[in-house]
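# A structural walkthrough
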Amino acid sequence: GGFLSGGAPPAGEWDGWTTHERLHFLRGLDGPLGADRLRRLDEALGLSATGNSELRFEWLRIGIRNRFEPSFEPLRDFLTRQGRRKFLRPLYADLVRTDWGKTLARSIYDRARPTYHAVSANTIDDILEKADA
């Protein structure tokens, strides 16, 4: 069976897939996944360490949805090195949907804000302000 139905991560197929196919697979992992399954997936596919920002972004969203703590350090790294609003806005929005994520979002943002373009910083300011309302 496929990964969603309890099968192993698709490590063999992954190598032959295009970025579009990889993104399609990751976007399909929208249900809850346990830490063991996420750990196996990351080990098999190298998602936390991928240099492809689109893939890493999708992986980090999965990590946030599942409160997968091993993805928090890669998330912190991504949010402090990545300035593109198309990545920043959804990740911060995902974080502030949860009580635990609000705290994490603020700790990352306090460090990252000075490195963001003004437009990105204003967008994230708005997300965090609305989360406090």
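Everything discussed here concerns the structure shown above.
Residues numbered from 1 in each chain as written. Predicted model: local features only at pLDDT ≥ 70, side-chain atom pairs only at ≥ 80, totals over all residues. Heavy atoms only, no water.

Time to look at the overall build of the protein chain. When its secondary structure is counted, the protein chain shows 8 helices and 0 strands. Along the protein chain, helices and strands appear, N-terminal first, in the series α-α-α-α-α-α-α-α. In terms of overall dimensions, the protein chain is globule-like: its C-alpha atoms have a radius of gyration of 15 Å, near the 14 Å expected for 133 residues. Dimensions of the protein chain, computed from the C-alpha atoms along their principal axes, are close to 45 × 25 × 20 Å. Expressed as a percentage of its 133 residues, the buried residues of the protein chain come to 47%. Total accessible area on the protein chain stands at roughly 7100 Å², and carbon and sulfur atoms take up 48% of it. Across the protein chain, the centroid of the 21 positively charged side chains sits 3 Å from that of the 19 negatively charged ones. (Helix = DSSP H or I, 4+ residues; strand = E, 2+ residues; numbered from the N terminus. Rg over C-alpha atoms; globule rule 2.2 N^0.38 Å. Buried < 20%, exposed > 50% of the residue type's maximum accessible area, 1.4 Å probe, protein only. Areas by Shrake-Rupley, 256 points an atom, 1.4 Å probe, with all protein chains shown as cover. Lys, Arg positive; Asp, Glu negative; His and termini not counted. Charge placed at Lys NZ, Arg CZ, Asp CG, Glu CD.)

Turning to the environment of G31, a few remarks are in order. Note that G31 resides in the loop between helix 2 (19-27) and helix 3 (35-45). Overall, the relative accessible area of 26% leaves G31 in the partly exposed class.

Let us now look at the pattern of salt bridges. Using the criterion set out here, one finds 10 salt bridges in the structure. The partner of R27 in a salt bridge is E58, with the nearest N and O atoms 3.0 Å apart. You can see R27 sitting in helix 2 and its partner E58 sitting in helix 4 (residues 53-65), a full 31 residues away along the chain. Here R81 ties to D77 by a salt bridge, and the two come within 2.4 Å at their closest N and O atoms. Linking R81 with D77, this pair stays in helix 5 (residues 72-81), spanning 4 residues, or about one helical turn. Residues participating in the shared-partner salt-bridge network are R56, D77 and R81. (Salt bridge = Lys/Arg side-chain N within 4 Å of Asp/Glu carboxyl O.)

Remark: helix 2 packs on helix 4, axes separated minimally by 10 Å, with the N-to-C direction vectors making an angle of 5°. With respect to helix 4, the axis of helix 2 lies roughly parallel. Packed against helix 2, whose contacting residues are T19, R22, L23, L26 and R27, the element helix 4 presents E54, L55, E58 and I62 at the interface. Looking at side-chain class alone, the contact of helix 2 with helix 4 contains 4 nonpolar, 1 polar and 4 charged residues. (Axes fitted to C-alpha atoms, helices over the stretch in contact; angles between N-to-C directions. Parallel < 35°, antiparallel > 145°, perpendicular 65-115°, else oblique. Contact = heavy atoms within 4.5 Å. Nonpolar A, V, L, I, M, F, W, Y, C, P; charged D, E, K, R; others polar.)

Judged by nonpolar contacts, the single largest core of 41 residues is most densely connected at L75, L79, Y92 and Y116. Secondary-structure elements contributing two or more residues to this core are helix 2, helix 3, helix 4, helix 5, helix 6 (85-96), helix 7 (99-112) and helix 8 (118-132). For this core, the leading source of residues is helix 6, giving 7 residues. Once you skip the residues sitting within four places of it in the chain, L79 turns out to touch L88, L91, Y92, L95, I108, A112 and Y116. (Core = buried A, V, L, I, M, F, W, Y, C linked by side-chain atoms within 4.5 Å.)

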